[in-house]
Structure formats: structure tokens, C-alpha cells
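Secondary and tertiary structure notes
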Amino acid sequence: MKSYKLLTPGPLTTTDSVKEKMLFDHCTWDEDYKQITQQIRRKLLKLAHVQEPEYTAVLMQGSGTFGVESVFTSVVGKDDRLLIAANGAYGLRMESIAQHAGLSYLLYAKKDCEQPDASEIAEILAENPDITHVSMVHSETTSGILNDIRSVGEVVKRAGCTFIVDAMSSFGGVDIPTKEWGIDFMISSANKCIQGVPGFSFVIAKRRLLEESAGKARSLSLDLYDQWKTMEKDGKWRFTSPTHVVLAFSQALKEMEQEGGIEARGKRYAQNNRLLIRKMKELGFRPYLEEAVQGPIITTFYYPDDCDFSFDEMYHYIKDRGYVLYPGKTVEAETFRVGNIGEIYSEDIEKVAGIMKEFLEERRR
Ligand SMILES: *Cc1c(COP(=O)(O)O)cnc(C)c1O
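The structure contained in this document is the topic of the report that follows. (Residues numbered from 1 in each chain as written. Predicted model: local features only at pLDDT ≥ 70, side-chain atom pairs only at ≥ 80, totals over all residues. Heavy atoms only, no water.)

What about the environment of P242?
Following the sequence through the fold, P242 ends up in the loop between α8 (224-234) and α9 (243-259). C-alpha separation for the pair P242 and Q51, spaced 191 residues apart in sequence, amounts to 26 Å. When sequence neighbours within four positions are dropped, the list of residues in contact with P242 reads Y33, Q61, G199, F200 and W237. (Helix = DSSP H or I, 4+ residues; strand = E, 2+ residues; numbered from the N terminus. Contact = heavy atoms within 4.5 Å.)

Focus on the site of the ligand
Taken together, the residues surrounding the ligand are S63, G64, T65, Y90, R93, V137, S139, T141, D166, M168, S169 and K192. At a separation of 2.5 Å, an oxygen atom of the ligand approaches a polar side-chain atom of S63. A distance of 2.8 Å separates an oxygen atom of the ligand from a polar atom in the side chain of K192. Within the complex, the protein chains bury 86% of what would otherwise be the 380 Å² of accessible surface of the ligand. When the residues that make up the shell around the ligand are grouped by side-chain class, the tally is 3 nonpolar, 6 polar and 3 charged. (Near = heavy atom within 4 Å. Polar contact = N/O pair within 3.5 Å; in protein donor to acceptor, adjacent residues only side chain to side chain. Areas by Shrake-Rupley, 256 points an atom, 1.4 Å probe, with all protein chains shown as cover. Nonpolar A, V, L, I, M, F, W, Y, C, P; charged D, E, K, R; others polar.)

Details of the pattern of salt bridges
Here the idea is simple: oppositely charged side chains can pair when their charged atoms come close. According to the stated counting rule, one finds 24 salt bridges in the structure shown. For K5, the salt bridge goes to D348, with nearest N and O atoms at 2.9 Å. Taken as a pair, K5 in strand β1 (residues 5-6) and D348 in helix α12 (residues 346-364) lie far apart in primary sequence, 343 residues in all. A salt bridge links K279 to E350; its shortest N-O distance comes to 3.3 Å. Here E350 lies in helix α12 and K279 lies in helix α10 (residues 261-282), a separation of 71 residues in the sequence. One network of salt bridges, with partners in common, ties together R41, E52, R207, E211 and E232. (Salt bridge = Lys/Arg side-chain N within 4 Å of Asp/Glu carboxyl O.)

Here we look at the sheet that holds strand β9 (residues 185-189)
With respect to topology, 7 strands assemble into an open sheet ordered β2-β10-β9-β8-β5-β3-β4, the strand pairing being mixed. Lying at the two open borders of the sheet, with one neighbouring strand each, are β2 (55-61) and β4 (105-109). Ignoring which end each strand starts from, the neighbouring axes of this sheet average 20 degrees apart. Relative to strand β10 (residues 200-206), β9 runs antiparallel, the two sharing 5 bridges. Counted as the bridge partner of M186 is I204 from β10. (Pairing = 2+ DSSP bridges. Axes fitted to C-alpha atoms, helices over the stretch in contact; angles between N-to-C directions.)

A few points about the packing of helix α5 (residues 118-127) against helix α6 (residues 149-158)
Where α5 contacts α6, the two axes come as close as 9 Å, and the packing angle between them is 20 degrees. Taken as axis vectors, α5 and α6 run roughly parallel relative to one another. Where α5 crosses over α6, the handedness of that crossing is right-handed. Seen from α5, the contacting residues are A118, I121, A122 and L125; seen from α6, they are S151, V152, V155 and V156. When its residues are assigned to classes, the contact of α5 with α6 shows 7 nonpolar, 1 polar and no charged. (Parallel < 35°, antiparallel > 145°, perpendicular 65-115°, else oblique. Left-handed = near helix turned anticlockwise from the far one by under 90°.)

Examining α12
Its 19 residues place the ends of α12 27 Å apart at the C-alpha level, agreeing with the 27 Å of an ideal helix rising 1.5 Å per residue. Within α12, the full set of buried residues consists of D348, I349, V352, A353, I355, M356, F359 and L360. Taken around the axis of α12, the buried residues stretch over an arc of 160 degrees, which confines them to a single face. Facing away from the buried surface of α12 by more than 90 degrees, the exposed residues are E347 and K351. In the core, the buried residues of α12 are packed alongside β1, α10, α11 (311-320), β12 (323-324) and β14 (335-339). (Expected span 1.5 Å × (residues − 1). Buried < 20%, exposed > 50% of the residue type's maximum accessible area, 1.4 Å probe, protein only. Arc of directions from axis to C-beta.)

As for α5
Along α5, the residues that are buried comprise A118, I121, I124 and L125. Buried residues of α5, viewed axially, fall in a sector of 115 degrees; they line one side. Exposed residues on α5 whose side chains face more than 90 degrees from its buried face are A126 and E127. Contacts made by the buried residues of α5 are with β3 (82-86), β4, β5 (133-137) and α6.

Right, here's the structure in full:
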């Protein structure tokens, strides 16, 4: 099989040493394995700049969406009302989760290229005193926009509401002072900036609010409180855990520490991102977002005006040469996306820009 590197926002390219950890079939009930889970939970809290007992970490089987759905269906009770701030597909997925679960909610939607605005959210909260929870995405992978969860967190706290943040594609790549920013539940997954493989999501939760959610869950397998209660005892997962994924994730966390933690990783991602945008602009690709709101994880580009080619043609040309891009997801324009997280370095960005240049030259000839 021909190998390639992923310029996608997860799953992403991981190290061989992370993948090698999956060659061992670990049993789930022995002490070593349970300790690995406990250590992962402690390390996640540290990365989020929070501590027991005020906060706690819960791991949940499934992809990132399972984590978001777990929080929504476990924490938003029958008498509660949720405000969803959305500016892309992942925000709208939150609405879909709320609909499926029959939650009472209000949608505050912005364009994909615009951040949800804290003062507008403050107004909505003032007009709707029945709202108890507010949710939003930090890094909206749809466009690559980085939302201002800090200022939104401030107004959410002032209104006395619970703040739920999908930090799926930012946690580990962008530093998030969870408590200072007023975040009560933060969700991310194994296969994004920590650079593990897909298989579970995790939630950094304000312990008091998690405890208050006991018995509220609308789903058995996604019951966040019950999952936590079991895991909290000794590190045992409630149902079969993705053992290989857990071992790989534990290694990924070690490698993240070796790299220099979130600070160093965030710096590498931001450098990749700036280099990518500079190189792509030189080739005639205009970024979809304004520079001020562009996040460091993934970038959406317009196709150049003087070229007519399909995403498929470009995708296959580049894939044959060792890199995989991502189709556009924003509905507002014809675009494609290039991610720059995972085991990706400036030489990869240089290389892919070179391949892109060749592709354009062949097309223009
Ligand atoms: C990746 C991602 C998710 C989760 O998607 P899954 O396919 O369920 O892993 C949720 N929100 C954002 C912003 C993401 O980038």
C-alpha cells in the first residue's frame, strides 16, 4: 500500500511509535491497564489547566461526536434550555444532537466566516432567562475559524449558565485555560491535536455539575455520569474500552510532553499554518477567512480564478505524490481545505506547496 501524510484535521498523521503501541493486545481488567486510564485522565486535566476535585476527566468510547452527544444528553435536563452558538457544520451538528434527544434549545447561527459575538449572546441570554446552558465550538473545523470562547465564557458566567465547549480540533494545539474562561464541560477526542488514533472522546468536566447530572441521561451507553462514576473508582471503563487506542493515546501524550507540551506543539502548528497560507497565496489561492479570525489548525482556500479543475483532480494528483487534502465543507463558497496538524512539519508544507505548483503549471500549460 502506498503511504501518504494526512493534511486533514483528524484522523491525522501519527508517529510510528504511537502506532507501534497498538501491537499489544492488553486485557482490560488488570491493574496496569486501569492505571494507564487514570494517568491519561490526570494528564488531560493538567493540559486543561484544572485540578481535582474541582474538575475531572471522563473518557468515552466513540468518535468526537459521541462525546458531544454524551455531554448534551447527560447534562441538559428536562427543565433546562440550551443556547447553541453555531458558525459551521459542527455547531449545526450540535443542533442535530439536540433535536434527536428532544432537548429544548435555541439556535444562534452566524455565517461560517463570522465568529459568534459575545455581546449578541449576552442579549439573547437577557431576553431568554429560561436558558440554562450555552454551547459552542472553539475551532470550527468547517472553515478553520477560531472562535472567541473566552469572551463568550464571560457573558455565559455572568448569566449564571453552564458553558459547554467543543474543543475537538483545538485542545492540545491551542492553549485553553479552562477554568479562567468559564468552561464547565470541554470535549475533545483522541485523534486530533494530541495526535492519537481514533476511538474515544474525552470530557473535562466541572465535577459539581457532573454530579448534579446523575440520573438525567437519556442514553445508556452515553451516560457521562455513569461512565465517570465507574472510571473514578479504579480506572475501569464501564463497557469494553478501545484498548489499542488507549495505549496509543498514552504514548501520544508522552510524545507531546517530549515535544514541549501545548506551547511547543501550538507553535509548530501556527508556524505550519502561516507558512501554508503564505505559500498558497503565492500560488494564487486566496484564504476564505479574514486573517484576524483564521485559526492555526486548518485553512479553507478558494480555487484560483484562472484555473478550472475539480477537487478530485487536484486531490488525486497530490495524493499520488504523498499528501492528502480535504474537500471544502462550508456551504457558502467553492473551496477546499488543508489541515496542518499531526506529524506535519514545515518541510511537509514546503513539499506540498511544490506539488501544488507543479499541478497548477501542468493545468495552465
Ligand atoms: C472532529 C470534530 C468533531 C468530531 O467529529 P467526529 O467525526 O465525530 O470525530 C466535532 N467537532 C469539531 C469541531 C471537530 O473538528
